[in-house]
Amino acid sequence: MKRFRYCYYVIGFLSACICWACTKMDDNYAGFLKDGEKRYPGVPDAVTAYSGKNRVKLSWLSSADPDVIKAVIYWNNASDSMVLPIQSTGEKTRMEIRLENLEENTYSLGTYNYDKLGNRSVPIAVTGASYGQLYESTLLNRVVTAEMVNGDVVLTWATADAQVDHSELQYTDNSGTERTVLIPPAEIRTVLEDYKSGAVFNYRTWFKPDTTAIDFFASAFLQKGVKEDVTKTFLKNPGYPYLRVDDGTTRFGILADWIVNDAVKNQEGSTRCGLYSYGGASMALQHWADGEPEIINGKIYQTIHLPAGKYLFEIDLSGGYQIYDPAYLVVAAGNSLPDVADVATA
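This one's a predicted model, so the numbers in the text were calculated from it and none came from an experiment.

### Overview of the overall build of the chain
- Looking only at helices and strands, the chain has three helices and 20 strands in total.
- Across the 346 residues of the chain, 32% fall into the buried class.
- Sequence separation of at least 24 residues holds for 56% of the intrachain contacts in the chain that already meet a minimum separation of 6.
- When the accessible area of the chain is evaluated, it comes to approximately 22900 Å², of which 53% is carbon and sulfur surface.

Structure representation (structure tokens):
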């Protein structure tokens, strides 16, 4: 009998605790429910912000709540806002809005739904970026080199930055037609088979600042030249074996198509030189014996007209020969070469 009495007491104690707890909870909520239950409209769903050029696009699914009549987007600590009316169909509908003329900045955007009674939903907050001139000023063109190889222009591209979308290249083809090609960021080598020799090209690089961007941004156009061997295009009789204009029966001769001044002509009675033929005709300034006239301000040159650009002028010296006296490889503006004394200032 004692065992049953103890059980009775325990059950009775638990029942009392439960009743007391329920009574206290009702007291706590009574203040919130005295004016009736608060209604919150359905919230926007899948809200996404897309960055742009001085703008941000917002996209979301409207609530299926039939009482929702508008969506309001707030930014700049709710000091700015935009309203989008909604005609609810009872189903979720894709909504989209663009916030234009934004200063370059990152924005916290809050989206609310409102119903007919003015009740406001729980906010959905997202972050969106507006890019502008400051971002554009940091953009650099993708690095490229260009060289003419067997009649084709070969472009070699450096590894593209992660934000590069493509490069835009403008050039002139052999027919004089202006052409534009777009280079994807993964491409390292580009061949232009119809490129006009001697022409320059312009290019710029387009960037997508982040994966959500709806606008692209371009670096400034940059003009580039093509590395090309134009020796035979502009120089006559440009290299070994050289052509001669004399009878060609002796070792010493006169170069064809080159201007050779009298100081160079120190062979065969001061009638020939500038060309030395021994197993093949070479260009030469030479002094063989003590009795021969010295070469003072000897000059061998051509006058040519070059398009604007950067040029490298270089020569190959034949093996087995040395230069004992001062000699200069000179490029000068005008129709002649300076004297030795004036080379440094020419």
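### A closer look at the sheet that holds strand S9 (residues 152–157)
- Pairing is antiparallel across the open sheet formed by three strands, whose spatial order is S8-S9-S12. The open sheet terminates on both sides in strands that have one partner only, identified here as strand S8 (144–149) and strand S12 (189–192). Ignoring strand direction, the axes of neighbouring strands in this sheet form an average angle of 20°.
- Where S9 meets S12, four bridges bridge the pair, whose relative direction is antiparallel. Along S12, the bridge assignment pairs valine 154 with valine 191.

### Digging into the pattern of salt bridges
- A complete count under the given rule lists 14 salt bridges for this structure.
- Here aspartate 45 and lysine 92 are joined by a salt bridge, their closest N and O atoms 2.9 Å apart. Taken together, the residues aspartate 45 in strand S1 (residues 45–53) and lysine 92 in the loop between strand S4 (80–85) and strand S5 (94–99) connect sequence positions 47 residues apart.
- When its relative accessible area of 32% is taken as the criterion, aspartate 45 is described as partly exposed.
- Residues aspartate 262 and lysine 265 are paired through a salt bridge, measuring 4.0 Å at the closest nitrogen-oxygen approach.

### Digging into unusual backbone geometry
- Here the bond from tyrosine 240 into proline 241 is cis, since omega is -10°, no more than 30 degrees from zero.
- Unusually for a residue other than glycine, alanine 46 sits at a positive phi of about 55°.
- When you line up the elements, alanine 46 lands in strand S1.
- We classify alanine 46 as partly exposed; its relative accessible area is 41%.
- Positive phi values are uncommon outside glycine, yet asparagine 297 reaches one of about 60°.
- Here asparagine 297 shows up in the loop between strand S19 (281–283) and strand S20 (300–301).

### Some points on the packing of aromatic side chains
- Within the structure shown, the criterion is met by nine aromatic pairs.
- Seen from their ring centres, tyrosine 131 and tyrosine 135 are 5.1 Å apart, and the 55° between their planes marks the pair as tilted.
- Given a relative accessible area of 17%, tyrosine 131 falls into the buried group.
- Arranged with centres 6.1 Å apart and planes meeting at 70°, the rings of tyrosine 131 and phenylalanine 217 form a pair that is edge-to-face. Taken together, the positions of tyrosine 131 in strand S7 (residues 124–131) and phenylalanine 217 in strand S14 (residues 217–218) put the pair 86 residues apart, joining distant regions of the chain.

### Focus: the environment of lysine 208
- Within the fold, lysine 208 resides in the loop between strand S13 (201–207) and S14.
- Remark: the alpha-carbon pair of lysine 208 and histidine 166, spanning 42 residues in sequence, is separated by 9.3 Å.
- Dropping the residues within four chain positions of it, lysine 208 is found in contact with Tyr135, Gln163, Ala213 and Phe216.

### Observations regarding the sheet that holds strand S3 (residues 68–75)
- As summarised here, the arrangement of the seven strands in space is S4-S3-S6-S7-S1-S2-S5, forming an open sheet in which the pairing is mixed. The open sheet terminates on both sides in strands that have one partner only, identified here as S4 and S5. Strand-to-strand twist across the sheet, computed as the mean angle between neighbouring axes with direction ignored, equals 20°.
- The pairing of strand S2 (residues 56–61) with S5 spans six bridges and is classified as antiparallel. Each bridged residue has a counterpart across the sheet, and for lysine 57 the counterpart in S5 is arginine 98.

### Here's the deal with the environment of isoleucine 124
- Within the secondary structure, isoleucine 124 is located in strand S7.
- Sequence separation between isoleucine 124 and threonine 111 is 13 residues; the distance between their C-alpha atoms is 5.2 Å.
- Those residues within four positions of isoleucine 124 in sequence are excluded, and the remaining contacts are Val43, Pro44, Val47, Leu109, Gly110 and Thr111.

What counts as what
Residues numbered from 1 in each chain as written. Predicted model: local features only at pLDDT ≥ 70, side-chain atom pairs only at ≥ 80, totals over all residues. Heavy atoms only, no water. Helix = DSSP H or I, 4+ residues; strand = E, 2+ residues; numbered from the N terminus. Buried < 20%, exposed > 50% of the residue type's maximum accessible area, 1.4 Å probe, protein only. Contact = heavy atoms within 4.5 Å. Areas by Shrake-Rupley, 256 points an atom, 1.4 Å probe, with all protein chains shown as cover. Pairing = 2+ DSSP bridges. Axes fitted to C-alpha atoms, helices over the stretch in contact; angles between N-to-C directions. Salt bridge = Lys/Arg side-chain N within 4 Å of Asp/Glu carboxyl O. Phe/Tyr/Trp six-rings, centres within 6.5 Å; stacked < 30°, edge-to-face > 60°.

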